Every structure is written in C-alpha cells, then in structure tokens.
Amino acid sequence: MSENIIGYVKADGEIVDTQSVGDSCEGCREIAYDNSPEALEIIRHSTAHLMAQAIRELYPDAQFFVGPVVDEGFYYDFRTSEKIGEEDLKKIEKKMKELVKKKIPIEKYEISKEEAAQKFKNDDLKQAVLKNIPSETVSIYRQGEFEDLCRGPHVPNTRYLHNFKLTRIAGAYLGGDENAEMLTRIYGVAFADKESLKNYLQMMEEAKKRDHRKLGTELDLFMFDEEAGAGLPFWLPKGARLRSKLEQILWRSHRRRGYEPVRGPEILKAEMWRTSGHYACYGENMYLTEIDGQEYGLKPMNCIGHILMFKHSTKSYRDLPLKYFEYGVVHRHEKSGVLHGLLRVREFTQDDAHIFCTPEQIKPVVLEVVEFVDAVMKKFGFEYTMEISTKPEKAIGDDAVWEIATNALKEALDENGLAYGIDEGGGAFYGPKIDVKITDAIGRKWQCGTVQVDFNLPERFDVEYVAEDNTRQRPVMIHRAILGSFERFIAILTEHYAGEFPFFIAPTQVIFVPIAAEHTAYARELAAELTEREIDSEIYDRNDSLNKRIRLAEKQKVPYVVIVGDEEVKQRSVAIRDRRKKEQYNLSADDFMLQLSQQLQEGKI
Ligand SMILES: [Zn+2]
Ligand SMILES: [Zn+2]
C-alpha cells in the first residue's frame, strides 16, 4: 500500500479508510492525501478526533457527543466540568500538535452494541449516540489511550495531521433541541497542505473585513430592529438608493428582453395555497392569518399571482412565450438561529419571473434566460458555474416531456459554450432546473439564480392556451430569478466590492467638499444639476476642518470626492479626487457632468 493512500471510494460512493479494508479494496477508487473532497473528509474527521484527544488530555472529565465534518471544516460537541473559552483554543491546538509529533497509530476495532454500552457506561453522551445507531456491531477508533465510538473514516496515524486551525467556540444544544443541555462546540479547519490552510485563513480574515453587516452599518445602508422583529430589514436612505438603482437597471433590462411587469397581492386565501400544494408542502414556513373568518396566507412565492393573471383572459399561441416579471415581496418563516444579516431574512424581494411557453419553446427561452444571467453576472464581475438537476425517482409529467425539457436545458447551455455539472435525479418532482453559483472577489461561492421548468402548477390550476389548430393546450411554466433576491444579492455585492460599489449603483456617487462657506452655493448648484441627471451627491459643508471633511468623505468609499474653492467657482470647474484610480485632476463643470452621465450608461444590462 502506498504511503500516500488514506482511503478508498467504493462503487456506491461510500468513503472507507485503510483501517477498514486493509491493503486493497476491489473495485474502489484510491483516495490520495490531497485536498480532494474525499481526502478532506478523512483529514477533517481525523482532526476532529485529534482535537477530542487533546481536550481529553487537558480536561480529563471531558465527554464527547458528535464530531462531524461540515462545509468548510469540522466541529466537536462536548462537555467539561471546567468552563472552556476562546482563550483556551491556543492551548488545545498546542496539545494537538504534541500528539501529532508522537505519531500515534489510529486503529479500528469492532464490538457489539452491548459491549460498547458497557465500555461507555459512565458516559451519558456516548449512550445517547449509541441509541441512534441501528446496527448490532459498532466500530471504535483508538489513538493512544483515547477511544471513540465512530464510523470513521480516519487517516492511519496522527502524523498525517498538521495543517489545522481551531477557528471558533460556541454553545450548541444537545441534539439541536432548544430545551436540552447546552454543550460546548469547537469549530476548526484542516487541509492537506500548509499553503491551502494559509490561503483559507487569509480569505476568512478578508471576509471578516468585508462582512456586509459591518459595512452596512459603516456605510449607513440598512438596519435591523429586534424590537420590531428579527429578520426584517429596514433600508436606510443610502441603502434604499443603492437598491433602487439596482432595481431600475434590472427593470429596464427586463423590458428590453420583452418581459411584462405585473404585480400580485401580498396575501391570498389559504385555498389558493392548497391548490398549489404550498399549504401541504411548505405550510410550516408560511405566515397564516384570518380575515372575515377565512384563512389567508402571506405569499412565500409569486407564482400563483402570475398564474391567475395569465388565466384572466384567453391566451393564444401567438401570446407565447409570455413573460411576466415582478419584484415580488415574499415572507418565509426562517428559524431565528439561521437568520444572518441580509443573507437570511424573513421578508425579502425576489427578481421573479414566470415564462409561459410551449414545450418546443423551452430551449430558446432558456437560452435567452442564460444570456440574461451571463450579462448580469459579467456586469458585476462574478465568475459563475451552472448545474442541471434531472428527473428524480418520484416525479410527475410524461417521460417524453421531461426528456424534451432536460435536453432543452442541456442544449441551451451547450450552444452557449457554457460548462455545467449534472445533478442526476436532483430536480424537483415537477421539473428539471438549472442553478447558478457565482464566485465572488475573494473566491467564495454563492447560490443565486435558478431556472426551473414546471409541468405541475399549470396542471393544478388548469392553465390553458388556444393552439394554432384551435385546440386547448397546457403551457409549460418556467420560474426564474437571476439575483435570487435583492436582499441576498446586495449582501453578496457589498462583500464582493468591499463596499466600493461601481459608479452606476453607488448609493452616493459624488461628495462635494466646499473649501469655505462661500463655496457651498456653487456646490449646491452642481448637486442640483446631478440630481437632474439621476446621479446622487452629498455636500460635506459641516463645521469641520477641510482635511477632516475630506477624510470623512473618503471613508464613505464614494467614487468621486470633489473639492470646490475660489478657483473652481471662478473657472466653473471642479477638482476631483478619484479614490478608485488614485488620481487628482481638474475638469470643467460641463465636462464633469458629461463624464458622469456617460459613466452611468455603463450600468446598462
Ligand atoms: Zn468520529
Ligand atoms: Zn415561481
């Protein structure tokens, strides 16, 4: 066996370690010691155990619950009589490094469940874990004196583990139950090599600086008020300006592509949500209320309104594809624990559209949506990848229609030369879909847009159009959002640009700094002209020193800070500090206006 092999992937996708299968594994793929997802699974799980071993040595009465691998690393939940805090992480890391140096073999053996119950008889957390294991035998991993009940997989020796960092300590309810005991949880990350760990930690450091909640406060974009309700954002003037610019740009780009704006009510009778299936499948995330003795539900999605408007008058094949779009405000109940700035909220606005078309039109429609996605993402400098999810086992609709739809999605991407992954069987029961994942300036991935083909709702609401041969036919419905929601997208944009928004959406595009009080009138005149040109400016004429006002202006990360004094008033000019290009120059007021108006056009999508 090669030194470098730390496990295998079985034919069914299960990851097994070398302790479980010995020197070779028939029909398996080898897992080398690198940063592949499979290798990281083994490395991170092993690092979680290493951390547990270190904690046990430092706190002998420590008892451990579960220690899984999560998105970016791992954690372990445990209990100690002594309280552990942030300041103890260093000490635990140091102990972990000692254990690595000792090159302790990590061994595996199996025992019956009763034997395990006996072995851990003084450990109620392990008893709780044991209760949830269905099999009769369980495996134990041993490294030195430390033993843990575990399925694995693990590296063969602690010496494989050196590129790790403990990142965070938190409280976690036993089994996620809010009424249960609070355990301690420590999070960490681990990689196969030093460089990757260093890059990851740098990225995290950068992400902290860019946190949209922090920048949102510094730049006065939005606020939350726990007294008024969690997860309900308030857009302050600057945030509302930013958002409204984005809305206007997107509005025009929808109109240019033949979308018709519509607007449905925020609340519909529960009966509608029963017909759509939301009441049964999504009911616990909906806010329900009663009006005149009848049950109503706040909309969690905009689809129903668009269907009812489609059905309002007879539609013919000539009307298709018909594209309705709406900045649809939706409400969804999210658990308070998952709310996170603008990224996870309870009220948000989707850039939502529903396209009604024939099965033959799916491909050209999707092609056009994909072009739209591409134009938007390029405008904001995002790289992106796509994934197609195909028919799941339980699905409605004819196989033939599924095939047409799925092929249409694939062909649309192929013809655009776009690479995509396939999530086999990952589609919704009512149709296949494309998900768009974007990568931001510091390499983080975000799920944004989606294009979803739907055979189900047209059926449930008996939607029809008159075909060329005068028969009544069922249209296909395509749900699509490009940003996802304004809230989430603005959170991502804020972090992507670190608050330095491009000119065409910057909340404040220009700050005027008059040198003395007598120059304020000229600044006001210029500001009024900018307002006419739909450009937002502010005047910093407070009673502070000139230097202080310039500093404050630059802190706002606006594209242009403009100084006006005697010379500028006399010449009708401006002295510009362009902090993006790190340049200072003078322009006539007229040229300045022209330049900004042209720059505004760059926002066209
Ligand atoms: Zn384990
Ligand atoms: Zn929809």
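Moving on: the overall build of the protein chain. When its secondary structure is counted, the protein chain shows 19 helices and 31 strands. For the protein chain, the proportion of its 605 residues judged to be buried stands at 33%. Sequence separation of 24 or more characterises 69% of the internal contacts of the protein chain that already satisfy a separation of 6 or more.

Attention now moves to the sheet that holds strand S9 (residues 146–149). What links the strands of a sheet is backbone hydrogen bonding, and the strands pair in either a parallel or an antiparallel sense. The strand order across the open sheet built from three strands is S7-S8-S9, with neighbouring strands paired in antiparallel fashion. Here the strands that pair on one side only, and so sit at the sheet edges, are strand S7 (107–112) and S9. Each neighbouring strand pair of the sheet contributes to a mean axis angle of 30°, computed without reference to strand direction. Bridge count for strand S8 (residues 137–143) against S9 is four bridges, and the pairing is antiparallel. By the bridge assignment for S9, Arg142 is matched with Glu147. Contacts from helix H2 (residues 37–58) reach S8 and S9 within the one sheet, and its direction differs from that of S9 by about 130°.

Pairing is mixed in the open sheet, where eight strands are placed in the order S14-S18-S19-S26-S23-S22-S20-S21. Both edges of this open sheet fall to strand S14 (260–261) and strand S21 (420–423), since each of them pairs with a single strand only. Where strand S22 (residues 433–439) meets strand S23 (residues 445–454), six bridges bridge the pair, whose relative direction is antiparallel. Across the sheet, residue Ile438 finds its bridge partner in S23, namely Trp446.

The next subject is the nonpolar core. Counting residues in each nonpolar core, the largest one holds 79 residues, and the members touching the most others are Cys357, Ile362, Val366, Val373, Ile478, Phe512 and Val562. When residues of this core are assigned to their parent elements, the largest contribution, nine residues, is made by helix H12 (residues 362–379). Three or more residues apiece are contributed to this core by two domains, here domain 2 (216–264 + 302–496) and domain 4 (510–601). If near-sequence neighbours (up to four positions away) are discounted, Cys357 is found in contact with Leu320, Pro321, Ile362, Val365, Pro475, Val476 and Ile478.

Attention now moves to the domain arrangement of the protein chain. Taken domain by domain, the protein chain holds domain 1 (37–200), domain 2 (216–264 + 302–496), domain 3 (266–299) and domain 4 (510–601). Each of domain 1 and domain 4 has a C-alpha centre, and these two points are 58 Å apart.

Counting through the fold element by element, Ala48 comes out in helix H2. With 247 residues separating them in the primary sequence, Ala48 and Glu295 have C-alpha atoms 49 Å apart. Sequence-distant contacts of Ala48, that is, excluding residues within four places in its chain, are made with Gly67, Phe74 and Tyr76.

Right, let's get into the pairing of S23. Remark: five residues form the turn of the hairpin made by S22 and S23, two consecutive strands paired antiparallel; Gly443 in that turn has positive phi of roughly 85°. Pairing analysis gives five bridges linking S23 to strand S26 (residues 476–485), with the strands arranged antiparallel. Bridge pairing in S26 places Thr450 opposite Ala481.

Turning to unusual backbone geometry, a few remarks are in order. A cis amide bond links Gly152 to the next residue, Pro153, at an omega of 0°. With respect to the helices and strands, Pro153 occurs in the loop between S9 and strand S10 (164–173). Following Leu320, the chain continues to Pro321 via a peptide bond in cis, the omega torsion being -5°. We note that Asn470 has phi near 70°; this positive angle belongs to a residue other than glycine. Residue position: Asn470 is located in the loop between strand S24 (465–466) and strand S25 (472–473). Phi is positive for Arg572, which is not a glycine, with a value near 50°. Structurally, the position occupied by Arg572 is in the loop between helix H18 (566–571) and strand S30 (573–578). Arg572 gets classed as partly exposed once you count the C-beta atoms within 10 Å, which come to 13.

Axis angle and axis distance: for two packed helices, these are the angle between their axes and the distance between the axes, and together they describe the pair. It is at 8 Å that the axes of H12 and helix H13 (residues 399–415) come closest, and there the two elements cross at 40°. In terms of their interaxial angle, H12 and H13 are classed as oblique. The two elements H12 and H13 cross, and the hand of that crossing is right-handed. Taking contact as the criterion, the partners of Ile362, Lys363, Val366, Leu367 and Val370 in H12 are, on H13, Ile404, Ala405, Ala408, Leu409, Glu411, Ala412, Leu413 and Glu415. Of the residues assigned to the contact of H12 with H13, the class counts are ten nonpolar, no polar and three charged.

This next bit is on the packing of H2 against helix H3 (residues 89–101). The geometry of H2 relative to H3 is characterised by a closest axis approach of 9 Å and an angle of 110° between their N-to-C directions. In terms of their interaxial angle, H2 and H3 are classed as roughly perpendicular. Contacts from Leu50, Met51, Gln53, Ala54, Ile55, Glu57 and Leu58 of H2 reach H3 at Lys91, Ile92, Lys95, Met96 and Leu99. For the contact of H2 with H3, the per-class residue count stands at eight nonpolar, one polar and three charged.

Our next topic: the pairing of S21. By the bridge criterion, four bridges tie strand S20 (residues 383–389) to S21 in an arrangement that is parallel. Opposite Met386, over in S21, you have Tyr420 as the bridge partner. For the segment spanning S20, H13 and S21, crossover handedness is right-handed.

Take helix H15 (residues 486–496) next. Among the eleven residues that make up H15, eleven are buried, leaving the element largely enclosed by the rest of the structure. Among all positions in H15, only Phe486, Glu487, Arg488, Phe489, Ile490, Ala491, Ile492, Leu493, Thr494, Glu495 and His496 are buried. Downstream of H15 by one or two residues, Ala498 has phi in the positive range, about 50°.

Note that Asn285 resides in the loop between helix H10 (278–282) and strand S16 (288–291). As for Asn285 and Leu166, which are separated by 119 residues in sequence, their C-alpha atoms are 35 Å apart. Filtering out sequence-adjacent residues up to four positions away, Asn285 remains in contact with Pro300, Arg332 and His333.

Definitions and cut-offs
Residues numbered from 1 in each chain as written. Chains lettered and ligands numbered in written order. Predicted model: local features only at pLDDT ≥ 70, side-chain atom pairs only at ≥ 80, totals over all residues. Helix = DSSP H or I, 4+ residues; strand = E, 2+ residues; numbered from the N terminus. Buried ≥ 20, exposed ≤ 12 C-beta atoms within 10 Å, placed from the backbone. Contact = placed C-beta atoms within 7 Å. Pairing = 2+ DSSP bridges. Axes fitted to C-alpha atoms, helices over the stretch in contact; angles between N-to-C directions. Core = buried A, V, L, I, M, F, W, Y, C linked by C-beta atoms within 7 Å. Domains from an automatic or database assignment. Parallel < 35°, antiparallel > 145°, perpendicular 65-115°, else oblique. Left-handed = near helix turned anticlockwise from the far one by under 90°. Nonpolar A, V, L, I, M, F, W, Y, C, P; charged D, E, K, R; others polar. Right-handed = clockwise from strand over helix to strand, strands pointing away.

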